[in-house]
Amino acid sequence: MPVPELPLKGEFGAGMQEFRTAADHFQIEGPGNKYKFGVNKIFGVIKNYSATPVCYENGEITGIRNSTPNSEVVWIPSAIDLGAWLYDNASLSLFLSDELTSYSSPQPFRFTGKTKNVMMQTMSDSHSFLTVLTNGNNAENSVQLLSNSRRKPRIVFTTSSGRKEIDQEGEIQLEPQECLVLIWE
């Protein structure tokens, strides 16, 4: 099905040629053949103007990267998010980790590895950091944090009635649906 012209054509260096439907589950080749994204039913074929192609399906461009003086865009208009959720998220997770390394490395706190349904938010002022960890699982989950800071954590709030302290060097055992708020001073 043909699609209207993309308003951000200058930033993307490309536009949509058409969206197509295919099998419930198939894969498209990701950047550098390093990734194989699982796709669910829908993929977009791109009309390229000046971007660098990074994904293909049967020789047609399905993903691009484009850099301008003010931005960089990676665009894959296919259902790789739904494919990752339904089938296997390893390739998408690796891709996002690789893409975001320059952003995540300087962060004061980050997970040592992939987590399952655990989210972290960090806020700061000029004196300390506040980290909120939430376990979205209905089962116990353990995480370990990497810190670029020499600060020590103190529990500000937890939904766990038994938690008194954490071991900042080891794994943090999060109870089912637990919210843990730490201040790093």
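Residues numbered from 1 in each chain as written. Predicted model: local features only at pLDDT ≥ 70, side-chain atom pairs only at ≥ 80, totals over all residues. Heavy atoms only, no water.

Quick look at a nonpolar patch on the surface
Okay, so step 1: Taken together, the side chains of L82, W85, L86 and Y87 present a nonpolar region at the surface, about 440 Å² in accessible area.
Okay, so step 2: Topologically, Y87 is positioned in the loop between helix 2 (80-86) and helix 3 (90-104). (Patch = residues over 30% accessible without salt bridge, like charges linked within 9 Å, V, L, I, M, F, W, Y side chains within 5 Å. Areas by Shrake-Rupley, 256 points an atom, 1.4 Å probe, with all protein chains shown as cover. Salt bridge = Lys/Arg side-chain N within 4 Å of Asp/Glu carboxyl O. Helix = DSSP H or I, 4+ residues; strand = E, 2+ residues; numbered from the N terminus.)

Side note on the pattern of salt bridges
Okay, so step 1: Using the criterion set out here, one finds eight salt bridges in the structure.
Okay, so step 2: We note a salt bridge from E18 to R20, for which the minimum N-O separation is 2.7 Å.
Okay, so step 3: A cluster of three or more residues bridged by salt bridges with shared partners is formed by E18, R20 and E60.

Considering the sheet that holds strand 15 (residues 179-184)
Okay, so step 1: The four strands are arranged 9-10-15-13 in an open sheet whose pairing can be described as antiparallel. Since the sheet does not close on itself, it has two edges, and those belong to strand 9 (118-124) and strand 13 (153-158), each with one partner. The sheet shows a mean angle of 20° between the axes of neighbouring strands, taken without regard to direction.
Okay, so step 2: For strand 13 and strand 15, the ladder comprises five bridges, and the chain directions are antiparallel. (Pairing = 2+ DSSP bridges. Axes fitted to C-alpha atoms, helices over the stretch in contact; angles between N-to-C directions.)

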